[in-house]
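Observations on the model geometry
In case you want the letters, here they are:
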Amino acid sequence: MAGGFTEKERVEIRQRLLDSGYQLSAEIGIKKMTIAMIAKNTGVAVGTFYNFFASKEEYVVAMIRDTEVKYEKEMASHFSKDGTIALKKFLGVFRENFKPENNFLLRIKLDDWVWLKSHISDSAYLNTANDLKKYEFMFAKIRGIRKDAEPGVVVNFIKSIYAMYQNRDTLFEGSLQTNVDLIFDALYRYLKEGR
């Protein structure tokens, strides 16, 4: 077993490492965050970090995936027995993922997004082909959605939320949550069957 940790210890240390990344990314940003900072903030040696992640890029992808898994579990808890969910309920639960306290990607700034694009753009994240696969998988499970909805329109609505938060220093930050609510209202009107 790498590092001499029990499986329970590995799970706990890995989560502490990820939690440190969420904290540091909000405080100083992903670009400035170093492996040494992450390890120190977690209370482990740098070598221990490498028992879990091969690089900062792999680590950041794990942070994104961890956030996504939490959201997926929350969403799954709202599905009916037949594995579907009503559009309005889906958007309500999905909306919770677009609050900065629930999604670290909404707390980072534009230069961190530039770093992400230049360092992990070939992964399963930050590419439109993967966005479309997620859309097709998820939207097949939603009841009350119009059949002719264009995936690109929906994905662009969601990406506009990230773009607003990336540029929050040029916007009225106190109004961002209202803007996000309006985007979700527009998404509902766009996606609703029989509109």
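Residues numbered from 1 in each chain as written. Predicted model: local features only at pLDDT ≥ 70, side-chain atom pairs only at ≥ 80, totals over all residues. Heavy atoms only, no water.

Observations concerning the overall build of the chain
From N to C terminus, the chain includes nine helices and two strands. Along the chain direction, N to C, the helices and strands of the chain fall in the order α-α-α-α-β-α-α-α-β-α-α. By its C-alpha atoms, the chain is 60 × 45 × 30 Å across when sized along the principal axes. Put simply, the chain has 195 residues, and 42% of those count as buried. In the chain, once contacts between residues fewer than 6 apart in sequence are set aside, the share between residues at least 24 apart is 66%. Surface accessibility of the chain: about 10,700 Å² in total, with carbon and sulfur atoms responsible for 56%. Averaging the coordinates of the 30 positive side-chain charges in the chain and doing the same for the 26 negative ones gives two points 2 Å apart. (Helix = DSSP H or I, 4+ residues; strand = E, 2+ residues; numbered from the N terminus. Buried < 20%, exposed > 50% of the residue type's maximum accessible area, 1.4 Å probe, protein only. Contact = heavy atoms within 4.5 Å. Areas by Shrake-Rupley, 256 points an atom, 1.4 Å probe, with all protein chains shown as cover. Lys, Arg positive; Asp, Glu negative; His and termini not counted. Charge placed at Lys NZ, Arg CZ, Asp CG, Glu CD.)

Observations concerning the packing of aromatic side chains
Throughout the structure, instances matching the rule amount to 15 aromatic pairs. Ring geometry for Phe49 versus Tyr50: centroids 5.4 Å apart, planes at 85°, classification edge-to-face. You can call Phe49 buried: its relative accessible area is 0%. Aromatic side chains Tyr71 and Phe94 sit 5.4 Å apart centroid to centroid with 55° between the ring planes, which places their arrangement in the tilted category. Of this pair, Tyr71 sits in helix 4 (residues 56-76) while Phe94 is found in helix 5 (residues 87-96), placing the two residues 23 residues apart along the sequence. Accessibility assignment for this pair places Tyr71 and Phe94 in one class, buried. (Phe/Tyr/Trp six-rings, centres within 6.5 Å; stacked < 30°, edge-to-face > 60°.)

What about the environment of Ile64?
Within the element layout of this structure, Ile64 appears in helix 4. By relative accessible area, Ile64 is classed as buried at 8%.

Notes on the side chain of Asp131
Along the chain, the position of Asp131 falls in helix 7 (residues 128-139). A polar side-chain atom of Asp131 sits 2.7 Å from a polar atom in the side chain of Lys159. Apart from the residues within four sequence positions on either side, Asp131 is in contact with Val155 and Lys159. (Polar contact = N/O pair within 3.5 Å; in protein donor to acceptor, adjacent residues only side chain to side chain.)

Looking at the nonpolar core
In terms of nonpolar packing, the biggest core is built from 56 residues, with Tyr59, Phe90 and Leu191 touching the most fellow members. Those residues in contact with Tyr59 that lie beyond four places of it in its chain are Leu17, Leu18, Ser20, Gly21, Met33, Ile38, Phe49 and Phe53. (Core = buried A, V, L, I, M, F, W, Y, C linked by side-chain atoms within 4.5 Å.)

These figures come from the coordinates and say nothing about function on their own.
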